[in-house]
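# Fold and contact review
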Amino acid sequence: MINAIAQNLKITRERIVAAEKRAARMPGSVELLAVSKKWSAEVIAEAAAAGQLAFGENRVQELVAKVPVLAPDLRWHLIGHLQKNKVKKVLPLVGDIHSIDSLSVLRAVDREAGKIGVRRRIFLQVNIGEDPAKHGFQAEELAENGVLEACDGLENLDLAGLMTIPPFSETAEGARRYFAALRELRDKVTARTGTALPGLSMGMSGDYEVAIEEGATVVRVGSSIFGQRPR
Ligand SMILES: *Cc1c(COP(=O)(O)O)cnc(C)c1O
């Protein structure tokens, strides 16, 4: 008997492979990040036992509690808003930060990584739907003023690419134009600055297949793997 989490992971991986095929993408080109926020270390260990090693969390407090009690081969990504006063705490715990949403946080993360002697991979979060309730750079900010130029000066960070959380849509297809917009913004910014931004972190449980069709390289999937989050 395989358990529900193992079964859900298997189905999710199969759907990722099918979406890669449909989009004529290389098999294995999309990374599955299991979003484990609100779930206990025991539940996360079940996913790890089923071969899932990369996990996304949105709160520094949860990372502080979970990372030390789980296997050292797990890889942790921060996907939620990062306050400057939490940079020191989170940097030893995560390999990737998807939610860099201001130049001041970007610089603080670079400085702290230098101080503790680590390299980290980062994504710039873009508020592609211009949703006032969401964090992130505005698309014009990235296209026009010096954000990418500031990234050229980073010493301890590898700029992977862009991340977005689109506005809520009733259907997966409703999110497609936002995913396409992030890819187009990436292409435009790369053409203007010459900065490669190969990574696109986009797509969640309801719409990750559409995101893959539009170029996602990392999908952040929670409830399709773990079920509905506890409150
Ligand atoms: C919670 C969360 C997800 C996962 O959402 P699901 O709908 O459960 O897949 C993905 N990305 C971010 C930034 C999140 O906060």
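See the structure printed just above.
First, a word on what this report is: a plain description of the structure on this page. Nothing here was measured: the structure is a model prediction, and the numbers come from that model. (Residues numbered from 1 in each chain as written. Predicted model: local features only at pLDDT ≥ 70, side-chain atom pairs only at ≥ 80, totals over all residues. Heavy atoms only, no water.)

Another aspect to go through is the nonpolar core. Of all hydrophobic cores here, the largest spans 66 residues; its most connected members are Leu124 and Leu142. In contact with Leu124, other than residues within four places in its own chain, are His98, Ile100, Leu106, Phe137, Leu142, Val147, Leu148, Cys151, Leu159, Gly161, Leu162 and Met163. Counting residues in each nonpolar core, the second largest holds eight residues, with Val35, Ala54, Ile79 and Phe123 among its members. (Core = buried A, V, L, I, M, F, W, Y, C linked by side-chain atoms within 4.5 Å. Buried < 20%, exposed > 50% of the residue type's maximum accessible area, 1.4 Å probe, protein only. Contact = heavy atoms within 4.5 Å.)

Along the polypeptide, His98 turns up in strand β4 (residues 96-100). Looking at His98, its side chain comes within polar contact range of the side chain of Ser201, at 2.8 Å. Setting aside chain neighbours within four positions, we find His98 in contact with Leu33, His77, Leu78, Ile79, Phe123, Leu124, Gln125, Met163, Ser201, Val218 and Arg220. (Helix = DSSP H or I, 4+ residues; strand = E, 2+ residues; numbered from the N terminus. Polar contact = N/O pair within 3.5 Å; in protein donor to acceptor, adjacent residues only side chain to side chain.)

A cluster of basic residues, Lys38, Arg59, Arg229 and Arg231, forms a positive patch at the surface. Mapped onto the elements of the fold, Lys38 is located in the loop between β1 (31-35) and α2 (41-49). Lys38 sits in the partly exposed class, given a relative accessible area of 47%. (Patch = residues over 30% accessible without salt bridge, like charges linked within 9 Å, V, L, I, M, F, W, Y side chains within 5 Å. Areas by Shrake-Rupley, 256 points an atom, 1.4 Å probe, with all protein chains shown as cover. Salt bridge = Lys/Arg side-chain N within 4 Å of Asp/Glu carboxyl O. Lys, Arg positive; Asp, Glu negative; His and termini not counted. Charge placed at Lys NZ, Arg CZ, Asp CG, Glu CD.)

Surveying the vicinity of the ligand reveals the residues Val35, Lys37, Ile79, Ile165, Met204, Ser205, Arg220, Val221, Gly222, Ser223 and Arg229. Within the side chain of Lys37, a nitrogen or oxygen atom sits 2.7 Å from an oxygen atom of the ligand. Interatomic distance of 2.8 Å between a side-chain N/O atom of Arg229 and an oxygen atom of the ligand. Starting from 390 Å² of accessible surface for the ligand in isolation, the protein chains cover 89%. When its residues are assigned to classes, the shell around the ligand shows five nonpolar, three polar and three charged. (Near = heavy atom within 4 Å. Nonpolar A, V, L, I, M, F, W, Y, C, P; charged D, E, K, R; others polar.)

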